[in-house]
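# Geometric and topological summary
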Amino acid sequence: MIQKYRFGTPFETDACVFPVEETQGVPAFGTVSTENGFVFSYTMLDTDAVYGLGGANRGINKRGYVYESDCSDNPNHHEDTRSLYAAHNFLLLSGSVTAGLFFDYPSFLRFDVGYTRSDLLTVSCAEANLKLYVITGESLEEIVHEFRTLIGRSYIPPRFAFGFGQSRWGYRTAEDFRSVARRHREAGVPIDMVYMDIDYMDAYKDFTVNPENFPDFAGFVKEMKEEQGVRLIPIIDAGVKIEKGYPVYEEGVAWDYFCRKADGELFQAAVWPGYTHFPDVLNPEARAWFGEHYRSLIEQGIEGFWNDMNEPSIFHSPEGMSDALETMRGMVEAGSVDVPIYLLMEKLGGLANSHADYARFYHKVNGELVRHDKVHNLFGYNMTRAAGEAFDRICPDKRILMFSRSSYIGMHRYGGIWTGDNKAWWSHILLNLRMLPSLNMCGFLYVGADLGGFGCNTTRDLLLRWLALGVFTPLMRNHAALGTREQEFYQFENPEDFAHVISVRYRLLPYLYSTYLRAALEGRMMFRPLSFVYGDDEIARGIEDQLLLGDEVMIAPVYTQNAAGRTVYLPEEMLFVKFLPDGSISTETLSKGLHFVRVALNEVPLFLRPGHCIPVAAPAQRTEEVDFAHLTLLGTPGSSFTVCCDDGIGRDYEKSESWKVLTME
Ligand code: MIG
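Structural notes, computed from the coordinates. None of these values were measured; they are calculated from a predicted model.

Buried residues dominate strand β19 (residues 304-308), accounting for 5 of its 5 residues. Judged by which residues are buried, β19 turns out to be covered on both faces: Gly-304, Trp-306 and Asp-308 on one side and Phe-305 and Asn-307 on the other are all buried. Two strands pair when backbone bridges link them, and strand β14 (residues 231-237) and β19 are joined in this way by 3 bridges, in the parallel orientation. If you follow Ile-236 over to β19, its bridge partner there is Asn-307. Pairing of β19 with strand β22 (residues 401-404) involves 4 bridges; the strand directions are parallel. Bridge pairing links Phe-305 to Met-402 in β22.

Structure, rendered in structure tokens:
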């Protein structure tokens, strides 16, 4: 059951699509105060768990810390980081009450989940203008299902998006991209996509390509696809470069589609292209206009994009910079070398992504001006929505790959997300794993992290271990920052180990693709915490480094350095499956309980639940070559799996002919 409570005059976020009547009063549990902003409080029992918050930091069970919805371009995902790129304001209480809570509020929101006082949950924001949805049901899964019905069907990418993609900030010329594809082939590593980071553009101008490096871009896109079997996936940034004669800039100005300040001047934000204007994607007309610009790249053969910098990220504004310069000038004029360094650092460090800048510009929504900071968390959502809505016009019969960095619930209908600028840290493998079920609760199914780590220098063993998790994540991409150690597989010794791990992804493609589609079509989670299924098992309830995948599989990747394997807890008897480097598959039945399992760096482990089976394909070099017609079943004889055999690009997954039941002999 879904109950909707309204407080004050909420901003319409379009997060929800399923109509729900308003309930008067307040929720049956917890207390609500609207005296000083909005505060929801709820007293938790020691045994209560709190799930949700999508792309937030830390554990699957959110208890014991504080999180903030305040979409931030913050590449430091430390344990104490309170806000990352997303605002997914959905909580799932499990224990004394079993209920979902969605706080539909587009600005800064604070979730204190037993941080200030260990038994107290408080959710608070500055203005009591929001909708609160309370969802109750028999089980955690049922509540998630209800919530997913409320927010609408998750985005479904094309099948090639389930292949492996290679990325690196710094690829620039056609030859850079060619050689990435070629060297993967030479090393026998399957690959479907090479990502184009900002350097493919002309002076970082959205929807342009560098004319010297790509004199015939359409021809190059075609060559890569036909000769190398690889699709190019360009990045699009939020800010539009201020430059006379650049059509996107000229149109935005002429049609009044950029964000303005209170004095009517266009707001300027320095990002990669230098000073830019932000397209006012909250204004439906501006959104349609910005989305229309993806058309030219699609017409040149592009079939997928990633949207970046859409928190929106700001290096500095002219106002912020002049204020900082003023401070420094004062210091210089004082003529002393004894300057308060902390003040200087605070000024300069505070230039980027400042709340002061977010309060400097406005959106025009239904003719009314809305200050950006009041709706800050909706920007990435609406930039990606601009693209998604445009794709439906540009190519209604074809699925386009789209994922974003920043997001709000509702955006899950238009694209997936990647989890931003993580680091080559072992702990970030675990963070990657822990986010998966939380994101799924909030509707985000096409998700993945930068495998190997974006920042810092990766190591061969870290990359291999991370990939053995990435084999299961819908978005499987190796991506790294400019200036870090090169981390394409062929940079390391024995690239055949990488080739093998990636090949397991392609062997599991029919399984992963079908499981994804079922989760999207049925409004279910692809990844679940063990507690959702084995809630009566005290050990299983506390497990934060293993997940269930679909109904069939449990994953338990190795995430520590120099480990020969790991300890895994089996809440029931399972089949321990390993994909071995010689292409064979080992199986061993393990009893319920704790086990130490050996897993070499070049092996991929999974666990199969009794009474189920999964399809395994022959190895392939790209998604198109995966043979869905000849699948081997692995698991319990007599069990069945239903595989999706649509064309991978249109909407045939809706048709029952696209689904085939396979039964294991
Ligand atoms: O300020 O485009 O998260 O994936 O490589 C950095 C360059 C901008 C941030 C993205 C990252 C991308 C990088 N971008």
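A word on the environment of Ser-167. Residue position: Ser-167 is located in the loop between β12 (164-166) and α2 (174-186). Among the residues examined, Ser-167 registers a relative accessible area of 1% and is labelled buried. Each C-alpha atom, one on Ser-167 and one on Glu-573, is 39 Å from the other, the two residues being 406 residues apart in sequence. Here Ser-167 is in contact with Tyr-195, Trp-306, Arg-477, Asn-478, His-479 and Ala-480, once residues within four sequence places are set aside. Here the side chain of Ser-167 touches His-479 through a polar contact of 2.8 Å, side chain to side chain.

The N-to-C vectors of helix α13 (residues 495-507) and helix α14 (residues 509-522) enclose an angle of 55°; their axes lie 5 Å apart at closest approach. Relative to α14, α13 is oriented oblique. Note on element contacts: α14 touches α13 through Leu-509, Pro-510 and Leu-512, opposite Arg-505, Tyr-506 and Arg-507. Per-class residue counts for the contact of α13 with α14 are 4 nonpolar, no polar and 2 charged.

For the rest of this paragraph, the subject is the sheet that holds strand β3 (residues 38-43). The antiparallel open sheet is built from 5 strands, whose spatial order is β2-β3-β10-β9-β5. The open sheet has two free edges, formed respectively by β2 (31-33) and β5 (65-69), since each of these has just one partner strand. Each strand axis lies, on average, 10° off the axis of its neighbour in the sheet, ignoring direction. With 5 bridges connecting them, strand β9 (residues 109-113) and strand β10 (residues 120-125) associate as antiparallel partners. Paired with Val-113 across the bridge in β10 is Leu-121.

The next point concerns a nonpolar patch on the surface. A cluster of nonpolar side chains, Ile-341, Tyr-342, Leu-343 and Met-345, forms an exposed patch at the surface whose accessible area comes to about 440 Å². The residue Ile-341 is located in helix α8 (residues 341-349) in this model.

Around the ligand sit 13 residues in total, of which Asp-197, Asp-308, Arg-405, Asp-421 and His-479 are the nearest. Asp-197 places a polar side-chain atom, nitrogen or oxygen, 2.5 Å from an oxygen atom of the ligand. Trp-272 is positioned such that a nitrogen or oxygen atom in its side chain is 3.1 Å from an oxygen atom of the ligand. If the ligand stood free it would expose 350 Å²; the protein chains cover 95% of that surface. Here the residues of the shell around the ligand sort into 8 nonpolar, 1 polar and 4 charged.

Looking now at the pattern of salt bridges. Applying the stated rule across the entire model yields 52 salt bridges. Notably, a salt bridge pairs Glu-127 with Lys-374, separated by 2.7 Å at the nearest N-O pair. With Glu-127 in the loop between β10 and β11 (130-136) and Lys-374 in the loop between β21 (368-371) and α10 (379-394), the pair connects residues that are 247 residues apart, well separated along the chain. Since its relative accessible area comes to 29%, Glu-127 is described here as partly exposed. For Lys-374, a relative accessible area of 35% gives the class partly exposed. Here Asp-373 makes a salt bridge to Arg-371, at a shortest N to O gap of 2.8 Å. On the accessibility criterion, Asp-373 (19% relative accessible area) is buried. Given the relative accessible area of 29%, Arg-371 is considered partly exposed. Here the salt bridges share partners, and the residues they tie into one network are Lys-225, Arg-231, Glu-303, Lys-398, Arg-622, Glu-624 and Glu-625.

Take the environment of Ser-94 next. On the secondary structure map, Ser-94 appears in strand β7 (residues 90-94). When the C-alpha positions of Ser-94 and Phe-532 are compared, they lie 9.7 Å apart, and in sequence the two are 438 residues distant.

Conventions we followed
- Residues numbered from 1 in each chain as written.
- Predicted model: local features only at pLDDT ≥ 70, side-chain atom pairs only at ≥ 80, totals over all residues.
- Heavy atoms only, no water.
- Buried < 20%, exposed > 50% of the residue type's maximum accessible area, 1.4 Å probe, protein only.
- Helix = DSSP H or I, 4+ residues; strand = E, 2+ residues; numbered from the N terminus.
- Pairing = 2+ DSSP bridges.
- Contact = heavy atoms within 4.5 Å.
- Polar contact = N/O pair within 3.5 Å; in protein donor to acceptor, adjacent residues only side chain to side chain.
- Axes fitted to C-alpha atoms, helices over the stretch in contact; angles between N-to-C directions.
- Parallel < 35°, antiparallel > 145°, perpendicular 65-115°, else oblique.
- Nonpolar A, V, L, I, M, F, W, Y, C, P; charged D, E, K, R; others polar.
- Patch = residues over 30% accessible without salt bridge, like charges linked within 9 Å, V, L, I, M, F, W, Y side chains within 5 Å.
- Areas by Shrake-Rupley, 256 points an atom, 1.4 Å probe, with all protein chains shown as cover.
- Salt bridge = Lys/Arg side-chain N within 4 Å of Asp/Glu carboxyl O.
- Near = heavy atom within 4 Å.

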